[in-house]
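Below are the chains, spelled out letter by letter.
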Amino acid sequence: MSVTALILPGGGARGAYQVGVLKAICEMAGPGGNPFPVICGTSAGAINAVVLASHAHEFETGVERLENFWSTMFCARVYRTDPWTVFKSGLRWALSLSLGGQLVTHPKSLLDNTPLRQFLDQSLKLNGIRTAIERGDLRGLSITASGYTCAAAISFFQASMDIEPWSRARRHGQRTDIDVSHLLASAALPLLFPAERIGNEYFGDGGMRMLAPLSPAIHLGADRVVVITTRDEKPDPPPEDPVPYPSLGEIGGYLLDTIFMDTLNADLKRLDRVNRTIGLLSEEKLKESGLRQIAPLVIRPSRDLREVTHEHMDDIPRAVRTLLRALGGWGRDWRMASYLLFESAYCQELISLGYEDGMRQRSEIMEFLSS
């Protein structure tokens, strides 16, 4: 039987866009079972993936919980926004750099995401993952994080027992029971949020080392993948006049874009080449190769989410705004701010955009899911 996977890459606050698309898909599918027996997530997409997986036997409820989760979001639920905490973090970084790491302990991150841990502990129903697998509504869930010591992408998966762990160059699949630590590790944006310890090693955002973002879904048995990205692919025009030197904030936003989207796009291109190559093989050669075609469907934002961020720039807490100004991530380029703007008005607009984009591709999505 054909197995369809849902792939939810990272994007910080941009993850709200994925919820709007899922809401549209839920309406198209109507009452019934889970259309995605395999669910894979990274960073903010990992949190969305776990909520869906824990409600795989009641897909509509999972989407409703996600919509409520993001519609009522605010920055202080994800990281501490009080002026003293933000000032203290900035001061520690400044002292550590000026004193060469002497007298002052090395800072772990710019922001403290303790509130997110507390919220996830209280909100998630992780036992539902095992229930969904036992009922046959879910084949597997994968959450990817990057090991800072092993220098590899580790896809922690919880799945039916016929699925074996895998090992490839710089990426491995490790069976485990998914918990909040895996989500915090996968969502630990480099420098912004602290790394998370799992076992004997610290892990950071899953996009940093994952050179083949589609691979966990394929290892879990999928032959069809639905990917909901958080970036449009319209190219930025080259500047007509000389621009100022890029700030730390601009470079940081650029790196986040690279981590979350560029490797995914490269893997989709590679998938297209492999599919076309397989199409040239005879049936006999195809059996010998052990390869199989993977059908993709990609849903992208129809708007540049940096524009939406600009429209909601006054919603971000003042202390965080000050920190972004200090890093140069405010004003000229809204990339970094778009990942940190966990405020309800912004998230609701992204949900609406995702819903509209999903409905705009209604015929394509329904044909893909039903074929």
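Thresholds, definitions, all that
Residues numbered from 1 in each chain as written. Predicted model: local features only at pLDDT ≥ 70, side-chain atom pairs only at ≥ 80, totals over all residues. Heavy atoms only, no water. Helix = DSSP H or I, 4+ residues; strand = E, 2+ residues; numbered from the N terminus. Expected span 1.5 Å × (residues − 1). Buried < 20%, exposed > 50% of the residue type's maximum accessible area, 1.4 Å probe, protein only. Contact = heavy atoms within 4.5 Å. Axes fitted to C-alpha atoms, helices over the stretch in contact; angles between N-to-C directions. Left-handed = near helix turned anticlockwise from the far one by under 90°. Nonpolar A, V, L, I, M, F, W, Y, C, P; charged D, E, K, R; others polar. Parallel < 35°, antiparallel > 145°, perpendicular 65-115°, else oblique. Lys, Arg positive; Asp, Glu negative; His and termini not counted. Salt bridge = Lys/Arg side-chain N within 4 Å of Asp/Glu carboxyl O. Polar contact = N/O pair within 3.5 Å; in protein donor to acceptor, adjacent residues only side chain to side chain. Pairing = 2+ DSSP bridges. Right-handed = clockwise from strand over helix to strand, strands pointing away.

Participant: What exactly am I supposed to notice about helix α1 (residues 16-29) here?
Facilitator: One turn of an α-helix holds 3.6 residues; hence residues three or four places apart share an orientation. Helix length check: α1, at 14 residues, gives a terminal C-alpha distance of 20 Å against a target of 20 Å (1.5 Å per residue), a fit within 8%. Of all 14 residues that make up α1, 11 are buried, and the element is covered over most of its length. Just downstream of α1 lies G30, where phi reads positive at about 75°.

Participant: How should I be thinking about helix α3 (residues 59-71) in this particular structure?
Facilitator: When the terminal C-alpha atoms of α3 are compared, their 18 Å separation across 13 residues agrees well with the 18 Å that a helix rising 1.5 Å per residue should span. The set of residues buried in α3 consists of F59, G62, V63, L66, F69, W70 and S71. Elements in contact with the buried residues of α3: α1, α2 (44-54), α4 (75-78), α6 (114-123) and α15 (344-360).

Participant: Help me understand the packing of α2 against α3 in this model?
Facilitator: Each pair of packed helices can be described by the angle between their axes along with the distance between the axes. Packing of α2 against α3 leaves a shortest axis separation of 8 Å and a crossing angle of 145°. For the crossing formed where α2 meets α3, the hand is right-handed. Along the contact surface, α2 presents I47, N48, V51 and L52, while α3 presents F59, G62, V63, R65, L66, F69 and W70. Per-class residue counts for the contact of α2 with α3 are 8 nonpolar, 2 polar and 1 charged.

Participant: I'm lost on the packing of α1 against α15 in this one. Help?
Facilitator: Where α1 contacts α15, the axes come no closer than 6 Å and their chain directions differ by 40°. When the interaxial angle is binned, α1 and α15 end up oblique. By crossing handedness, the relation of α1 to α15 is classed as right-handed. Only C347, L350, I351, L353, G354, Y355, D357, G358 and M359 of α15 make contact with α1, whose side of the interface consists of A16, Y17, V19, G20, V21, K23, A24, E27 and M28. Taken together, the residues of the contact of α1 with α15 sort by class into 12 nonpolar, 3 polar and 3 charged.

Participant: Could you clarify how one ought to interpret the side chain of R77 in this entry?
Facilitator: Its place among the elements puts R77 in helix α4. Lacking a salt bridge, the buried R77 has E343 as its closest oppositely charged neighbour, with an N-O distance of 10 Å. In terms of polar contacts, R77 uses its side chain to reach the side chain of T72, at 3.5 Å. Apart from residues no more than four positions distant in its own chain, R77 is found in contact with F69, T72, P115, L116 and F119.

Participant: When you look at unusual backbone geometry in this model, what are you seeing that I'm missing?
Facilitator: Residues apart from glycine generally show negative phi values, whereas peptide bonds are mostly found in trans. In the Ramachandran plot, S43 falls in the positive-phi region, its phi being about 60° despite a non-glycine side chain. Tracing the sequence through the fold places S43 in the loop between β2 (38-42) and α2. Looking at S43, the relative accessible area reads 2%, which means it is buried.

Participant: Could you clarify how one ought to interpret the environment of G290 in this entry?
Facilitator: The topology assignment puts G290 in the loop between α11 (283-289) and β10 (295-299). Each C-alpha atom, one on G290 and one on R77, is 47 Å from the other, the two residues being 213 residues apart in sequence.

Participant: Mind showing me how you'd approach the pairing of β2 here?
Facilitator: On a regular strand, one side chain projects to one face of the sheet and the next to the other, so that they alternate. Burial analysis of β2 places 5 of its 5 residues in the buried class, which makes it a mostly covered element. On β2, burial covers both faces: V38, C40 and T42 on one face and I39 and G41 on the other are all buried. When strand β1 (residues 4-8) meets β2, the two strands line up parallel, connected through 4 bridges. By the bridge assignment, L8 is partnered in β2 with G41. The parallel pair β1 and β2, bridged by α1, forms a crossover whose chirality is right-handed. Inspection of the sheet shows β2 paired to strand β3 (residues 140-147) by 5 bridges, in the parallel sense. Following the sheet pairing, I39 is matched in β3 by L141.

Just distances and angles here, no functional claims.
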